[in-house]
Amino acid sequence: MAGLRILPEIVPLSLATVQLPASHPAASLGRTVPVYGFCIRHPDGAILVDTGVGMGNAFIDEAYAPETEALEIALRPAGVALDDVVMVINSHLHFDHCGQNPTFFGSETSFVAQAAELRTVRADPLYTDHAWAIAPTSQQRVVDGDELVADGVRLLATPGHTAGHQSVVVEADGRRLVIGAQVVWHAAEYSQGVAAPANVDPVPELQAAAVASIERIKALKPEVVYFSHCDALSLNPES
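Presented here is a report on the structure given in the accompanying data block. (Residues numbered from 1 in each chain as written. Predicted model: local features only at pLDDT ≥ 70, side-chain atom pairs only at ≥ 80, totals over all residues. Heavy atoms only, no water.)

1. Quick word on the sheet that holds strand E10 (residues 166-172)
Put simply, the rule reads: Note: two strands are recorded as paired if DSSP finds a minimum of 2 bridges between them. Helix and strand definitions follow DSSP, with helices as H or I runs of at least four residues and strands as E runs of at least two, each counted in order from the N terminus. The contact criterion used throughout is that any non-hydrogen atoms of two residues lie within 4.5 Å. A fitted line through C-alpha atoms represents every axis, and for helices the fit uses only the stretch in contact; the resulting angles, taken between N-to-C directions, go from 0 to 180 degrees.
One open sheet accounts for 6 strands, arranged E8-E9-E10-E11-E12-E13; its pairing is mixed. The open sheet has two edge strands with one neighbour each: strand E8 (147-150) and strand E13 (233-234). As defined by bridge partners, E10 adjoins strand E11 (residues 175-181) across 5 bridges and the pair is classed as antiparallel. Counted as the bridge partner of Ala 172 is Arg 175 from E11. Sitting on the sheet, helix H7 (residues 204-219) touches strand E9 (153-157), E10, E11 and strand E12 (224-227), and the angle it makes with E9 is about 150°.

2. Some points on the pattern of salt bridges
Which entries qualify depends on this criterion: Salt-bridge detection follows one rule: a side-chain nitrogen of Lys or Arg within 4 Å of a carboxyl oxygen of Asp or Glu. Buried residues are those whose accessible area, probed at 1.4 Å on protein chains only, stays under 20% of the maximum for their type, while exposed residues exceed 50% and partly exposed ones sit between those limits.
If you walk through the whole model with that rule in mind, you get 6 salt bridges. Of the charged contacts in the structure, one is a salt bridge between Glu 147 and Arg 141, with a shortest N-O distance of 3.4 Å. You can call Glu 147 partly exposed: its relative accessible area is 29%. Arg 176 is the partner of Glu 171 in a salt bridge, and the nearest nitrogen-oxygen pair spans 2.7 Å. One salt-bridge network, held together by shared partners, links Arg 154, Glu 171 and Arg 176.

3. Observations regarding the nonpolar core
Short version of the rule: To qualify as a nonpolar core, a set must consist of buried Ala, Val, Leu, Ile, Met, Phe, Trp, Tyr and Cys residues joined through side-chain atoms within 4.5 Å.
Membership of the largest hydrophobic core comes to 23 residues, with the highest contact counts inside it found for Ile 10, Ile 40, Ile 89, Val 153, Val 168 and Ile 179. Looking at this core, the elements that each hand over two or more residues are strand E2 (32-41), strand E3 (46-49), strand E5 (85-89), E8, E9, E10, E11 and E12. Residue contacts for Ile 40: discarding those within four places in its chain leaves Pro 8, Glu 9, Ile 10, Gly 45, Ala 46, Ile 47, Val 49, Val 153, Val 168, Val 170 and Ile 179. Formed by 21 residues, the second largest nonpolar core is a distinct cluster that contains Ala 113, Val 121, Tyr 127 and Trp 185.

4. As for the state of the cysteines
What counts, and what does not: The disulfide criterion is simple: two cysteine sulfur atoms within 2.5 Å.
Enumeration according to the criterion identifies 0 disulfides in this entry. Unpaired in this structure, Cys 98 has its nearest cysteine sulfur neighbour in Cys 39, at a distance of 18 Å. Here Cys 230 stays unpaired: no disulfide links it, and the sulfur of Cys 39, its closest cysteine neighbor, is 20 Å away.

5. Examining unusual backbone geometry
The phi dihedral of Ala 65 is positive, around 40°, even though this residue is not glycine. Mapped onto the fold, Ala 65 is located in the loop between helix H1 (58-64) and strand E4 (67-68). For Asp 173, which is not a glycine, the phi torsion comes out positive at approximately 55°. Mapped onto the fold, Asp 173 is located in the loop between E10 and E11.

Have a look at this one:
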């Protein structure tokens, strides 16, 4: 891959809102939570990072009362049609990040996920909605760690929230943006470099991995970091 000369635009997509159950570890921070995906307007075709919440799962509808925006509509502000999407990168495979994956099943769109994340999905029937999470084998692109997936677009393994969580780095012309997804629940956790109970289970290995993942992103000195459940964090004082 030759690299890009112009930094692709990243368009945040408002894909859903969910109502957290009182038992959710992040409920004390607010019960109504936005769910964002992101569209990278890449010259080789649009790349989506996460697809939000799906429709028709009775348990999820009851527990989280999602208000979902269809991808076709959510993509309109980006000037992107469904047929323009060449790749879906799932930061992880919880229901609110992979729910509209089936929109592209049976197409030429590839689905990129970490091997560790797919192993977790297959081992735990309650981890997610498997019909949303698992793409047809012919469309799966399974990675193990960091990987360049398109000119100027690379995956960064950022475990913590889940064992197979990944972030996306977009860079060109000396500039760098990061889609951190759910590496943190709230931007304050990123600024403070902490693994908050709202986002990371109280397991020492995951807590340590989460802090290391935050530091990996910080070390890149990105202009902006985008998150799944809160507004982007601008790191450039001149931006």
